Amino acid sequence: MNDKLIITISRQYGSGGRLIAKRVAEKLGINYYDKDLIRMAAKESGMSEKVFESMDEKPTNSLLYSLAMGAYAMDGQYVYWGDSTVPLTDKVYQIQTDLIKKLASEQGGVFVGRCADYVLRDYPNCLKVFVSDSHENRVNRITNEYGAETKKVDDLIIKTDKKRANYYSFHTNLTWGDCTNYDLCVRTGSFGMEGAADMIIDALELKLGRKVRP
């Protein structure tokens with residue numbers, strides 16, 4: 001292992017976890033990885049970004065399960081994987097997993113979602129965080145900051161959290177949001193965005209036993 005700074009942020013939808021992750025990365029002067037992992041994984045593998053976008057933090061489905069890795073069509077293109085019989089969804093996850101490990105080892109950074117806490121579970125210098133908030137705060141945040149229609153927010157929260165939980169469970173056999181999977185669980189409404197970011201950095205310093213702020 002190395003001494004790169006590594007933080008994973010798992011988050012409830014609307015909890016502000018993504019914004020907190022960005023703030024932590026800014027404060028520490030390290031890289032922030034979220035949806036750009038899709039572009040990077042696609043470039044690394046030579047596959048279409050649409051393949052990764054279609055499966056991003058989504059559980060597998062029967063259609064994808066039925067597609068073997070012999071060939072896969074996307075926008076008229078075929079991606080061949082030799083004699084492998086691994087489902088495409090598993091191959092995409094493995095490519096993204098390998099990329100996360102590579103980036104963590106070579107550069108470190110703040111990784112949002114995508115089972116990064118599980119992928120990097122054996123990295124002793126990794127702080128694993130889960131960000132949550134009250135339902136009321138999440139509704140307000142999604143409505144005011146994301147521009148979602150108020151009448152659709154409740155359904156959006158339920159569906160998005162369920163999607164993330166199913167994706168996490170499918171790839172890790174663990175329960176998404178279970179506090180035993182993380183080093184730190186932070187409730188945004190109790191500390192605010194800035195306070196939550198500082199708390200995460202404090203926890204990283206305690207875990208590593210050294211100062212990490214620039």
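Everything numeric here is computed off the predicted structure, so don't read it as measured data. (Residues numbered from 1 in each chain as written. Predicted model: local features only at pLDDT ≥ 70, side-chain atom pairs only at ≥ 80, totals over all residues. Heavy atoms only, no water.)

**Student:** Please give an account of the overall build of the protein chain that cites residues and values.
**Tutor:** Looking only at helices and strands, the protein chain features 9 helices and 7 strands. For the protein chain, the computed accessible surface area is about 10600 Å², with 49% contributed by carbon and sulfur atoms. (Helix = DSSP H or I, 4+ residues; strand = E, 2+ residues; numbered from the N terminus. Areas by Shrake-Rupley, 256 points an atom, 1.4 Å probe, with all protein chains shown as cover.)

**Student:** Quick one: what's the story with the packing of helix H7 (residues 135-145) against helix H8 (residues 150-172), residue by residue and with numbers?
**Tutor:** Interaxial distance between H7 and H8 falls to 10 Å at its minimum, and their mutual angle equals 115 degrees. Considered as vectors, H7 and H8 are oriented roughly perpendicular to each other. The element H7 and its partner H8 pack so that their crossing is right-handed. Residue-level contacts link His135, Arg138, Val139, Ile142 and Thr143 of H7 to Thr150, Val153, Asp154, Leu156, Ile157 and Asp161 of H8. (Axes fitted to C-alpha atoms, helices over the stretch in contact; angles between N-to-C directions. Parallel < 35°, antiparallel > 145°, perpendicular 65-115°, else oblique. Left-handed = near helix turned anticlockwise from the far one by under 90°. Contact = heavy atoms within 4.5 Å.)

**Student:** Which residues make up the sheet that holds strand E6 (residues 126-132), and what values go with them?
**Tutor:** Note: strands within a sheet are paired through backbone hydrogen bonds, in either parallel or antiparallel orientation. Read across the sheet, 5 strands follow the order E2-E5-E1-E6-E7 without closing on themselves; strand pairing throughout is parallel. Strands at the two margins of the open sheet, each flanked by one partner only, are strand E2 (32-33) and strand E7 (184-187). Against the sheet, helix H1 (residues 17-28) engages strand E1 (6-11), E2, strand E5 (109-112) and E6, with an angle of about 165 degrees to E1. (Pairing = 2+ DSSP bridges.)

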